[in-house]
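Below, each chain spelled out in residue letters.
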Amino acid sequence: MNMTRVMDMLEATIRWTVVLLLVIMVAAIGSQVFARYLFHQSLYWTEELGRHVMVWMIFLASVICVRRGHHLSITLLKERLSPHKQALLQLVGAVILAYFFYMMIVHGWTLTQKTMVQRSSAIHYPMGYVYAALPVSGLLMFIVNLEVMIKAGLEFFGQRKGDAVAQPAGAGGEAK
């Protein structure tokens, strides 16, 4: 099984997890609205659950954005470069991102451990479960960034041609 296929399966798993989290968030917030207007009774835990699920949802969706190249970027310089230099620019950017994701993992893990003793106000579960989104998504972003780094490196060194470099948002990078 090649690297792209494994990464496609990882992305599909993350995508379905994000969809499931969205369903949970909509159900929680929807039940809050339903209970408040129909029964004139507020469900105290739904707002907190919705907020914490949204945190996980956003961090996991960011993994897909890193893989597809849909993160914020300034393309003015990149568009003026040759494909060879574009690959070099992407390789340098991926190395810088790898360090950032490494820091997310290390410091996110420290934060997660420190907040395991703090309890959420409504549901009373450890807040470390919410903060665990940092190291988990950091690790996943590090992994998908390695794929981007390998493809950009292969293109830069002439081992691969074509769509190795991730397409920026709106440039058709999401189509396969």
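The notes below deal with the structure included here. Note that the coordinates shown come from a computational prediction; the quantities given were computed from them, not determined experimentally. (Residues numbered from 1 in each chain as written. Predicted model: local features only at pLDDT ≥ 70, side-chain atom pairs only at ≥ 80, totals over all residues. Heavy atoms only, no water.)

Here we take up the packing of aromatic side chains. Per the counting criterion, the structure on display carries 4 aromatic pairs. Look at Y125 and Y129: their rings are 6.4 Å apart centre to centre, the planes differ by 20°, and that puts the pair in the stacked class. Overall, Y125 belongs to the buried group, its relative accessible area being 17%. The class of Y129 is partly exposed, set by a relative accessible area of 48%. On the basis of an interplanar angle of 75° and a centroid distance of 4.9 Å, the ring pair of F156 and F157 is categorised as edge-to-face. You can call F157 exposed: its relative accessible area is 59%. (Phe/Tyr/Trp six-rings, centres within 6.5 Å; stacked < 30°, edge-to-face > 60°. Buried < 20%, exposed > 50% of the residue type's maximum accessible area, 1.4 Å probe, protein only.)

A few words now on the side chain of S120. Its location among the elements puts S120 in the loop between α4 (83–114) and α5 (128–131). Looking at S120, the relative accessible area reads 2%, which means it is buried. Sequence-distant contacts of S120, that is, excluding residues within four places in its chain, are made with E48, H52, Y125 and M127. (Helix = DSSP H or I, 4+ residues; strand = E, 2+ residues; numbered from the N terminus. Contact = heavy atoms within 4.5 Å.)

Functional significance is not addressed by these values, which are geometric in nature.
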